[in-house]
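Observations on the model geometry
As a plain string of letters, each chain reads:
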2 protein chains.
Amino acid sequence: MFDMEPEALERFTWYMREISAMTIMFHTKIAEQMGVSATDEKCIDLIMRADGPVTAGRIAELSGLSTGAVTGVIDRLERAGFVRRVRDPHDRRKVLVEVTVGDVEKFGQLFEVARQSLIEVLSHFDEGELQVIERYLQVQIETFRKRVIDT
Amino acid sequence: MFDMEPEALERFTWYMREISAMTIMFHTKIAEQMGVSATDEKCIDLIMRADGPVTAGRIAELSGLSTGAVTGVIDRLERAGFVRRVRDPHDRRKVLVEVTVGDVEKFGQLFEVARQSLIEVLSHFDEGELQVIERYLQVQIETFRKRVIDT
DNA sequence: GTCGAACATCTTAGCCGCTAAGACAATTCC
DNA sequence: GGAATTGTCTTAGCGGCTAAGATGTTCGAC
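Residues numbered from 1 in each chain as written. Chains lettered and ligands numbered in written order. Predicted model: local features only at pLDDT ≥ 70, side-chain atom pairs only at ≥ 80, totals over all residues. Heavy atoms only, no water.

- Labelled according to an unreviewed UniProt entry, chain A appears under the name MarR family transcriptional regulator, originating from Lentzea alba.

Okay, here's the thing in structure tokens:
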């Protein structure tokens, strides 16, 4: 079905593993810089990546935490000024969690460094190569979501 | 210095963020499947990615945990049969931690799924495209290690 | 060789976040 | 309107983490 030298596959496996570990470290550093726990940072990332406000319960589902734990997460993030609780006017049981607008700077430094690093990486490639890379990233997201995450 | 449409950069940023979140989820699932905590899985990943045996203290450095916490990590991983403590014959203060050989299967399923997924992803590309992708991964690792991790 | 300083790991006390179970409040269904 | 359901919060109990100190080992000066 797909013939690739075993050594090549092994190299790619190593790249994935290395990037994977760097990703974990990156999130650890972001959390440190924001002055919150890794769990809290994971949740705020969930909230930011969602489109539109998210309920507390949805955060529990997405993060795998209990609802009780999510209450604590939101308490801490709210106290630190990263998010805000808003009662859903259509269903007043629900608590919508919104990222507070002006405080995107608090994520600041390291996100900016990451953005600059991405630009630096991409600057090594011409138009046609970037198209290949973009397709690669799209296929990777699609494949891993289907086969690894949604199971 | 490097001109790229802002929308393209935004798309790539989104890809990175998405992959980043999937990576976190992946490690969470691996840990679950292994029946250990995320911290423990992070440590065993460190040990496996290192070449040669690693000391307890080195694990503390690399993971950012206190030495006391690492003692607990190794206790649990040893009890679960993933690693083994070996006294360094040259310096008997040190404790070398080795991954137990026959138990690689315990990581099993999900690693295998990930490996198969990687093969599936790569099968979408021809020889020349794979070279571009490989270069991209190398540059990414190098750049992010330099600018994000080692700071 | 001996002694003290430095080093590597382990132990312990105290703290904090997580889970599970149930309380409370709002909504939906009959 | 009343019962069942839903969404969040509260609480008790547990387990992992940090910081500090204990224990065992090595290194260096003499």
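1. Notes on helix H6 (residues 127-149) of chain A
- In a regular helix each residue adds 1.5 Å, so 23 residues correspond to 33 Å; H6(A) covers 31 Å between its end C-alpha atoms and thus fits that length.
- Residue Asp126(A) occupies the N-cap position of H6(A), its side-chain oxygen lying 3.1 Å from the main-chain nitrogen of Gly128(A). (Helix = DSSP H or I, 4+ residues; strand = E, 2+ residues; numbered from the N terminus. Expected span 1.5 Å × (residues − 1). Polar contact = N/O pair within 3.5 Å; in protein donor to acceptor, adjacent residues only side chain to side chain.)

2. A look at the interface of chain A and chain B
- Facing 63 residues of chain A, the contacting portion of chain B comprises 63 residues.
- Summed over both partners, the interface of chain A with chain B buries about 6,900 Å², with 70% contributed by carbon and sulfur atoms.
- Contact with chain B buries surface across chain A, with Arg17(A), Met22(A) and Tyr136(A) losing the most and accounting together for 9% of the total.
- Viewed at the interface, chain B and chain A are joined by 14 salt bridges.
- Arg145(B) is the salt-bridge partner of Glu18(A), the closest N and O atoms lying 2.8 Å from each other.
- There are 19 residue pairs in polar contact (both at pLDDT 80 or more) connecting chain A and chain B.
- At the level of elements, helix H1 (6-34), helix H2 (38-49), helix H5 (108-122) and H6 of chain A are the ones that each hand at least two residues to the side of chain A that touches chain B.
- Residue composition of the side of chain A that touches chain B, grouped by class: 33 nonpolar, 13 polar and 17 charged. (Contact = heavy atoms within 4.5 Å. Buried area = accessible area lost by both parts, 1.4 Å probe. Salt bridge = Lys/Arg side-chain N within 4 Å of Asp/Glu carboxyl O. Nonpolar A, V, L, I, M, F, W, Y, C, P; charged D, E, K, R; others polar.)

3. Let's talk about the protein's contact with DNA strand C
- In the neighbourhood of DNA strand C, 19 residues make up the surrounding shell, with Thr39(A), Ser66(A), Gly57(B), Arg85(B) and Arg93(B) lying closest.
- Expressed as a percentage, the sugar and phosphate content of the atoms of DNA strand C within 4 Å of the protein is 71%.
- For DNA strand C, a phosphate oxygen lies 2.6 Å from a polar atom in the backbone of Gly57(B).
- Here a phosphate oxygen of DNA strand C sits 3.2 Å away from a polar atom, N or O, in the side chain of Thr71(B).
- Elements represented by at least two residues in the surface near DNA strand C include exactly helix H4 (67-79) of chain A together with helix H3 (56-63) and helix H4 (67-79) of chain B.
- Considering each element in turn, the surface near DNA strand C owes the most residues, 3 residues, to H4(B). (Near = heavy atom within 4 Å.)

4. Focus: the packing of aromatic side chains
- By the definition in use, this model includes 7 aromatic pairs over all chains.
- Note on Phe26(B) and Phe111(B): the rings are 6.5 Å apart at their centroids and 80° apart in plane angle, and the pair reads as edge-to-face. Taken together, the residues span a long stretch of sequence, with Phe26(B) in helix H1 (residues 6-34) and Phe111(B) in helix H5 (residues 104-122) at a distance of 85 residues.
- Using a relative accessible area of 25% as the deciding quantity, one classes Phe111(B) as partly exposed.
- The structure contains a cluster of three or more aromatic residues connected by ring pairs, namely Phe12(A), Trp14(A) and Tyr15(A). (Phe/Tyr/Trp six-rings, centres within 6.5 Å; stacked < 30°, edge-to-face > 60°. Buried < 20%, exposed > 50% of the residue type's maximum accessible area, 1.4 Å probe, protein only.)

5. Topic: helix H2 (residues 38-49) of chain B
- The first and last C-alpha atoms of H2(B) sit 16 Å apart over 12 residues, in line with the 16 Å expected at 1.5 Å per residue.
- For H2(B), every residue scored as buried is listed here: Asp40(B), Glu41(B), Cys43(B), Ile44(B), Asp45(B), Leu46(B) and Ile47(B).

6. What about the side chain of Glu41(A)?
- When you line up the elements, Glu41(A) lands in helix H2.
- Despite being buried, Glu41(A) has no salt bridge partner; Arg17(B) is the closest side chain of opposite charge, sitting 6.2 Å away.
- Those residues in contact with Glu41(A) that lie beyond four places of it in its chain are His27(A), Ile30(A), Ala31(A), Met34(A) and Val36(A). (Lys, Arg positive; Asp, Glu negative; His and termini not counted.)

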